[in-house]
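Understanding the architecture of this molecule
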Amino acid sequence: MPKARRPESAVRRALLHPVRSVPLAFMAVIILGAGLLMLPVSRTGADADVLMPALFTSVSAVCVTGLITVDTATFWTPFGQTVILVLIQAGGFGIMTLATLLALLVRKSIGLRGQLVAQTETHTLNLGDVRAVLFRVAKIMLLFEAATAAVLTGRFWIAYDQNPATALWHGTFHAVSAFNNAGFSLYSDNLVGLADDGWIIIPICAAIIAGGLGFPVIIQLMRGDIRVKDWSVHLRLTVYGTLLLLAVGIGLFGAFEWNRDETLGPMSFQGKLLGALAGGVFPRTAGFNSIDYGAAAPETLMVTNVLMFIGGGSAGTAGGIKVTTFLVLGFAIWNEVRGRDHVTIGHRSISSSSQRQALSVALLGVAAVISGTILLLMFTDYSLEKVLFESISAFATVGMSTGITFNIPPSAQWVLMALMFIGRIGTITVASALALSSRPRLFQLPEERPLIG
């Protein structure tokens with residue numbers, strides 16, 4: 001007689017729930033990455049206090065943010081930089097998605113729980129599509145990274161007198177960092193020294209935009225058999241929203257910084273154009289910088305704050321509350337102003353559940369940024385302007401800084417790590433993972449309308 005299966009404990013069921021598995025997997029890889037970075041072979045010096053730099057760098061890499069407390073170019077050895085590169089790739093692809101893909105390659109099969117986990121990470125709508133999506137995501141990632149790496153490698157080799165091995169390493173590192181919207185660089189000044197080189201800035205910007213669109217959008221665009229008028233609402237919102245935000249960001253950055261001696265002023269006309277392009281693209285959660293944001297104008301920082309908080313497309317490597325979230329809320333406001341009962345976009349009605357989800361993501365993001373800003377003000381002596389910039393950069397997994405990250409105390413570093421983790425996993429995923437249970441209400445309470453506004 002077969003032995004009866006023991007029921008899973010409540011703790012085991014809670015930990016293995018697909019929504020909860022994602023943050024747990026990220027935590028595990030962060031700890032593993034920190035352990036590898038703490039090895040003597042990973043760093044150039046013999047600093048005794050390496051725990052916080054290793055942990056902060058691991059969180060930043062896995063969460064594809066780019067904030068650093070030590071110089072990536074000089075503090076870490078090539079082995080340590082390779083660890084960072086692997087963590088960026090794993091974080092961008094999604095820990096559970098990566099684990100699921102490996103399981104498919106090894107076992108040629110995947111269980112229901114694994115499919116649910118991958119579905120949670122890739123935001124696919126149909127359970128049967130998970131396997132195909134995983135392979136497509138992997139192919140797309142490698143395609144864009146390889147193309148970007150090829151251009152950057154050739155430029156580093158030809159124009160900067162780097163030997164082929166060094167050029168290939170620098171090209172590959174920055175290509176992976178760009179597509180995954182990580183912002184890590186092998187140069188101490190990030191991309192400031194390359195600000196007027198179009199063969200470097202333009203490929204990196206292209207990779208950032210591609211990674212920030214989101215894999216569902218890239219897959220649909222690459223199919224090429226869908227007419228523009230037949231685009232889904234998600235595709236329309238992401239593509240048009242991205243183009244709009246890029247135009248606004250590039251235009252305002254160029255207008256505010258064009259003649260300022262501290263930033264774009266001393267550059268050539270081409271350098272100014274490239275600087276404006278970078279100023280509009282990099283805040284889309286990429287984290288690279290071709291100017292010193294500590295010297296940027298207050299209005300530039302404000303525009304950058306908004307771009308960082310909105311972020312890029314859903315189910316991609318970008319962070320922030322996402323373009324679709326921002327636009328759904330915008331259309332909800334517009335329809336409310338016009339007195340319409342239903343929110344419509346492109347001759348399609350948006351469900352109330354999607355509207356509630358967008359509102360929840362946005363408000364949870366605001367709450368996270370406000371909480372982080374207050375704590376950073378408590379733990380540091382920096383101004384509200386710089387602390388707010390840092391807080392939004394961490395939550396939106398951007399990685400830009402006005403230069404204060406290197407000098408903040410450990411307590412403030414913990415705040416930034418928490419913001420990066422919440423921002424990468426997603427406010428809704430974190431909230432769902434913390435919820436013990438979800439019980440449907442079996443009755444409807446009387447309706448009442450409080451005064452609004």
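Scroll up to find the structure.
As a further point, take the overall build of the chain. Of the regular secondary structure elements, the chain holds 19 helices and 2 strands. Evaluated residue by residue, the chain yields a buried proportion of 51% over its 453 residues. Restricting to contacts in the chain with at least 6 residues of sequence separation, those with at least 24 account for 69%. Counting every atom, the chain has about 22,200 Å² of accessible surface; 65% of that belongs to carbon and sulfur.

For the rest of this paragraph, the subject is a nonpolar patch on the surface. On the surface, a cluster of nonpolar side chains totalling about 520 Å² of accessible area is made up of Val366, Ile370, Ile374, Leu375, Met378 and Phe379. Its location among the elements puts Ile370 in helix H16 (residues 352-379).

Our focus in this paragraph is the packing of helix H11 (residues 215-223) against helix H12 (residues 233-257). For the pair H11 and H12, the least separation of the axes is 10 Å and the interaxial angle reads 100°. On the basis of their axis angle, the class for H11 and H12 is roughly perpendicular. Residues Val217, Gln220 and Leu221 of H11 form the contact with H12, whose own contacting residues are His234, Leu235, Thr238 and Val239. Looking at the contact of H11 with H12, its residues break down into 4 nonpolar, 3 polar and no charged.

Looking now at unusual backbone geometry. Phi at Asn181 takes a positive value of approximately 55°, unusual for a residue other than glycine. Mapped onto the fold, Asn181 is located in the loop between helix H9 (164-179) and helix H10 (198-213).

Our focus in this paragraph is the packing of helix H14 (residues 298-310) against helix H17 (residues 384-395). Contact geometry for H14 and H17: axes closest at 9 Å, N-to-C directions at 25°. Judged by the angle between their axes, H14 and H17 are roughly parallel. In this structure, the crossing between H14 and H17 has a hand that is left-handed. Contacts from Pro298, Leu301, Thr304, Asn305, Met308 and Phe309 of H14 reach H17 at Glu385, Leu388, Phe389, Ile392, Ser393 and Phe395. Per-class residue counts for the contact of H14 with H17 are 8 nonpolar, 3 polar and 1 charged.

Below, the discussion takes up empty space enclosed by the protein. Per the counting criterion, the structure on display carries 3 cavities of 30 Å³ or more. Roughly 70 Å³ of internal volume is contained in the largest cavity. Along its surface, the largest cavity is lined by Ile208, Ile209, Gly212, Leu213, Thr242, Leu246, Val281, Arg284 and Gly312. For the lining of the largest cavity, the secondary structure elements donating two or more residues are H10 and H12. Per element, the largest residue contribution to the lining of the largest cavity is 4 residues, and it comes from H10.

Let us look at the layout of surface pockets. Volume-wise, the second largest pocket comes out at about 390 Å³. Along its surface, the second largest pocket is lined by 26 residues, and Ile68, Ser188, Asn190, Asn289 and Phe406 are the ones closest to its centre. The residue inventory of the lining of the second largest pocket, partitioned by class, reads 10 nonpolar, 13 polar and 3 charged.

Time to look at the environment of Ile202. Mapped onto the fold, Ile202 is located in helix H10. For Ile202, a relative accessible area of 46% puts it in the partly exposed group. Taking C-alpha positions, Ile202 is 9.8 Å from Thr148, a pair spaced 54 residues apart along the chain. Beyond its immediate chain neighbours, meaning those up to four positions away, Ile202 contacts Leu274 and Leu277.

Okay, the packing of aromatic side chains next. Counted according to the given criterion, the structure contains 12 aromatic pairs. An angle of 80° between the planes, with centres 4.7 Å apart, marks the rings of Phe75 and Trp76 as edge-to-face. An identical accessibility class is assigned to Phe75 and Trp76; each is buried.

Ranked by internal contacts, the top residues of the largest apolar core, which has 100 residues, are Ile204 and Phe282. If sequence neighbours within four positions are ignored, Phe282 has contacts with Leu191, Ile204, Cys205, Ile208, Gly287, Phe288, Asn289, Ser290, Val398 and Met400. With 14 residues, the next largest nonpolar core counts Leu307, Ala332, Val343 and Ala358 among its residues.

Another point: the side chain of Thr325. Structurally, the position occupied by Thr325 is in helix H15 (residues 323-337). Looking at Thr325, the relative accessible area reads 10%, which means it is buried. If we skip the residues at most four places from it in the chain, Thr325 touches Ala358, Val361 and Ala362.

This paragraph deals with the pattern of salt bridges. Counted under the stated rule, the structure contains 3 salt bridges. For Arg155, the salt bridge is made with Asp197, and the minimal N-O distance between the two is 3.1 Å. Of this pair, Arg155 sits in helix H8 (residues 130-159) while Asp197 is found in the loop between H9 and H10, placing the two residues 42 residues apart along the sequence. Taking relative accessible area as the criterion, Asp197 reaches 3% and is therefore assigned buried. Among the salt bridges present, the one from Glu257 reaches Arg260, with a minimum N-O distance of 3.1 Å. Using a relative accessible area of 0% as the deciding quantity, one classes Glu257 as buried.

About the thresholds
Residues numbered from 1 in each chain as written. Predicted model: local features only at pLDDT ≥ 70, side-chain atom pairs only at ≥ 80, totals over all residues. Heavy atoms only, no water. Helix = DSSP H or I, 4+ residues; strand = E, 2+ residues; numbered from the N terminus. Buried < 20%, exposed > 50% of the residue type's maximum accessible area, 1.4 Å probe, protein only. Contact = heavy atoms within 4.5 Å. Areas by Shrake-Rupley, 256 points an atom, 1.4 Å probe, with all protein chains shown as cover. Patch = residues over 30% accessible without salt bridge, like charges linked within 9 Å, V, L, I, M, F, W, Y side chains within 5 Å. Salt bridge = Lys/Arg side-chain N within 4 Å of Asp/Glu carboxyl O. Axes fitted to C-alpha atoms, helices over the stretch in contact; angles between N-to-C directions. Parallel < 35°, antiparallel > 145°, perpendicular 65-115°, else oblique. Nonpolar A, V, L, I, M, F, W, Y, C, P; charged D, E, K, R; others polar. Left-handed = near helix turned anticlockwise from the far one by under 90°. 1 Å grid on protein atoms, 1.4 Å probe; cavity = no way out; pocket = protein on both sides within 12 Å on 5 of 7 lines; lining within 4 Å. Points joined across faces, edges and corners; volume = space filled by probe spheres on them. Phe/Tyr/Trp six-rings, centres within 6.5 Å; stacked < 30°, edge-to-face > 60°. Core = buried A, V, L, I, M, F, W, Y, C linked by side-chain atoms within 4.5 Å.

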